[in-house]
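Okay, here's what each chain looks like letter by letter:
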Amino acid sequence: MKVKYFAWVRERIGIAEETVEPPASVRTVDDLIGWLSSRGETYAYAFETPKVIRVAIDHAHVKPDAMISGAREIAFFPPMTGG
Amino acid sequence: MTAAVTIRIQEADFDIGHEIAALTKGRTDIGAVVTFSGICRGSESGEAIAALTLEHYPGMAEAEIQRHADEAMTRWPLTGLTVVHRVGRITPGENIVVVLAASQHRQAAFQAAEFLMDYLKANAPFWKREESPKGASWIEARGHDETAAARWTKS
């Protein structure tokens, strides 16, 4: 699946998007954040406070317990500040 | 009742008069247009702001605004909606966003414009980075914006 990062999540990780293949045990958004965090210091820094991270699956907002199976694109970003 | 919905995300500035004219041209079913425009301030809490840079999530931003425009259409008897949101670097005094809500009467137009702005503030995937004399930093979301958006949620 493709993952995208925005704003300070993108800056901390250092890339805007990548393709990842998490193991089958990674089933929810929460699981995915945990798995990504284990990939290195930049990821751990980006996800150091998971509760502030907002997530969208295929362009729709989802909660941390959302299942990721079938997702084409998952995005991680800080609380939004548009308008 | 027909309703024209225009949603644009763009780097270029826009002209609010032109947007209103485009929405109302040739129409005789519009009795009220409420305009909200958001403008880049030159200071925040006493600190000078040199510029804002707005980032967005292409694809999702358009889809989310469209989804809420559709919801506004079902909640109020609107005859037109326009949302234009800029991205990129914006300096103090420049436009950031405009929402136009048109209806036969003012009440629906006022409410729909407020609904869409509350939503945009808290839930549309845009992020503001602020440049000040101290450096650049991402603006933090404010709790009262989420509270303002939540009051429109149907129980």
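Since we're looking at a predicted model, the values are computed, not measured.

1. Structural notes on the overall build of chain A
Scanning chain A from terminus to terminus reveals three helices and five strands. When the helices and strands of chain A are read in sequence order from the N terminus, they spell out β-α-β-α-α-β-β-β. Radius of gyration (C-alpha) of chain A: 12 Å, near the 12 Å computed for a compact globule of 83 residues. Expressed along its principal axes, the backbone C-alpha trace of chain A runs to roughly 35 × 30 × 20 Å. Each of the 83 residues in chain A was classed as buried or not, and the buried ones make up 46%. Partitioning the contacts of chain A with sequence separation of at least 6, the portion at a separation of at least 24 is 51%. As displayed, chain A offers around 4,200 Å² of accessible surface, 50% of which is attributable to carbon and sulfur atoms. Charged side chains of chain A number 10 positive and 11 negative; the gap between the two group centres comes to 5 Å.

2. Looking at the confidence of the model for chain B
Per-chain confidence: chain B averages 93 in pLDDT, with 97% of residues scoring 70 or above. We note a pTM of 0.93 for the whole complex and an ipTM of 0.95 for its interfaces.

3. Describing the sheet that holds strand β5 (residues 51-56) of chain B
Hydrogen bonding along the main chain pairs the strands of a sheet, whether they run parallel or antiparallel. All names here are of chain B. Strand order in the open sheet made by the four strands is β7-β5-β9-β10, with antiparallel pairing throughout. If you trace the sheet from one side to the other, it starts and ends with β7 (88-90) and β10 (135-138), each paired once. Shown here is a sheet whose adjacent strand axes are inclined to one another by a mean of 25 degrees, direction ignored. Relative to β7, β5 runs antiparallel, the two being bridged by three bridges. Paired with Thr53 across the strands is Arg89, a residue of β7.

4. Concerning the sheet that holds strand β1 (residues 2-5) of chain A
All names here are of chain A. Judged by pairing direction, the sheet is mixed, and its five strands sit side by side in the order β2-β1-β5-β3-β4 without closing on themselves. Sheet topology places β2 (17-19) and β4 (60-62) at the edges, where each strand pairs with a single neighbour. Each neighbouring strand pair of the sheet contributes to a mean axis angle of 25 degrees, computed without reference to strand direction. One ladder, built from four bridges, connects strand β3 (residues 54-57) with strand β5 (residues 73-77); its direction is antiparallel. Counterpart to Arg54 in the pairing with β5 is Phe77.

5. As for the layout of surface pockets
Taken as a whole, the largest pocket encloses approximately 600 Å³ of empty space. Lining the largest pocket are 31 residues, and of these Arg41, Glu44, Lys128, Glu130 and Ile139 of chain B sit closest to its centre. Secondary-structure elements contributing two or more residues to the lining of the largest pocket are β2 (32-39), α3 (106-123), β9 (126-132), β10 and α4 (143-150) of chain B. Take the lining of the largest pocket: its biggest share by element is four residues, from β10 of chain B. Class assignment for the residues of the lining of the largest pocket results in twelve nonpolar, eight polar and eleven charged. The space that makes up the second largest pocket amounts to roughly 450 Å³. Along the walls of the second largest pocket sit 19 residues, with Arg54, His61, Val62 and Lys63 of chain A together with Asn123 of chain B positioned nearest its centre. Among the secondary structure elements, those contributing two or more residues to the lining of the second largest pocket are α2 (29-37), β3 and β4 of chain A together with α3 and α4 of chain B. Each residue belonging to the lining of the second largest pocket can be placed in one class, and the counts come to eleven nonpolar, two polar and six charged.

6. Side note on the pairing of strand β8 (residues 95-103) of chain B
Residue and element names in this part refer to chain B. By the criterion of burial, β8 is predominantly enclosed, with nine of the nine residues buried. As paired elements, β2 and β8 share eight bridges and run antiparallel to each other. Directly across from Ile39, in β8, lies its bridge partner Asn95. Direction of pairing for strand β6 (residues 78-86) relative to β8: antiparallel, over a ladder of seven bridges. In the strand pairing of β8, Leu81 is matched with Ala101.

7. A short note on the packing of aromatic side chains
By the definition in use, this model includes eleven aromatic pairs over all chains. Here the aromatic rings of Tyr5 of chain A and Tyr43 of chain A are separated by 6.5 Å at their centres, their planes lie at 75 degrees, and the arrangement is edge-to-face. A residue pair is termed long-range when its members are at least 10 positions apart, and Tyr5 of chain A in strand β1 and Tyr43 of chain A in helix α3 (residues 41-46) qualify at 38 residues. Tyr43 of chain A matches Tyr5 of chain A in its accessibility class, with the two residues each being buried. Seen from their ring centres, Phe77 of chain A and Trp127 of chain B are 5.1 Å apart, and the 55 degrees between their planes marks the pair as tilted. One end of the pair, Phe77 of chain A, is in strand β5; the other, Trp127 of chain B, is in strand β9, on a second chain. Given a relative accessible area of 1%, Trp127 of chain B falls into the buried group. In textbook terms, an aromatic cluster arises when at least three aromatic residues are bridged by ring pairs, as seen for Tyr5, Tyr43, Phe47 and Phe76 of chain A. Between the NZ or CZ atom of Arg12 of chain A and the centre of the ring of Tyr45 of chain A, over which it lies, the distance is 4.0 Å.

Thresholds, definitions, all that
- Once a new chain begins, its residue numbering starts again from 1 and follows that chain's sequence as written.
- Chain A is the first chain written and ligand 1 is the first ligand written, with later ones labelled in order.
- Only residues with pLDDT of at least 70 are given local features in this predicted model, and only at 80 or more are side-chain atom pairs given and counted; all residues enter the totals for whole chains, interfaces and linings.
- Heavy atoms from the whole structure form the basis of all side-chain values; hydrogens and water molecules are not counted.
- Secondary structure elements follow DSSP: runs of H or I no shorter than four residues count as helices, runs of E no shorter than two count as strands, and numbering proceeds from the N terminus.
- Each radius of gyration reported is based on C-alpha atoms, and the globular scaling rule is 2.2 Å times the count of residues to the power 0.38.
- Relative accessibility decides the category of a residue: with a 1.4 Å probe and only protein chains considered, values under 20% of the type maximum give buried, values over 50% give exposed, and everything between is partly exposed.
- Working rule for contacts: check all heavy atoms of both residues, and any pair within 4.5 Å makes them a contact.
- Only the protein chains shown count as cover for residues, with accessible areas throughout obtained via the Shrake-Rupley method and a probe of 1.4 Å.
- His is not counted, nor are the chain ends; Lys and Arg add positive charge and Asp and Glu add negative charge.
- Where a charge lies is defined by one atom per residue type, namely NZ (Lys), CZ (Arg), CG (Asp) and CD (Glu).
- Think of pLDDT as the predictor's per-residue confidence, scored from 0 to 100.
- Strand pairing is assigned whenever DSSP detects at least two bridges linking the two strands.
- Note on definitions: angles span 0 to 180 degrees between N-to-C directions of axes, and those axes are lines fitted to C-alpha atoms, for helices only across the stretch in contact.
- With a 1 Å grid laid over protein atoms only, a set of points is called a cavity when a 1.4 Å probe fits there but cannot get out and a pocket when it is open yet has protein on both sides within 12 Å along at least five of seven lines; lining residues have an atom within 4 Å of a point.
- Grid points are joined across faces, edges and corners, and a volume is the space filled by probe spheres set on the points.
- Gly counts as polar in this scheme, as do all residues outside two lists: the nonpolar Ala, Val, Leu, Ile, Met, Phe, Trp, Tyr, Cys and Pro, and the charged Asp, Glu, Lys and Arg.
- Any pair of Phe, Tyr and Trp rings, taking the six-membered ring for Trp, is counted once the centres come within 6.5 Å. Such a pair is stacked with planes under 30 degrees apart, edge-to-face with planes over 60 apart, and tilted for the rest.
- Throughout this description, the term charge over a ring refers to an Arg CZ or Lys NZ atom that lies within 6 Å of the ring centre and within 35 degrees of the ring normal.

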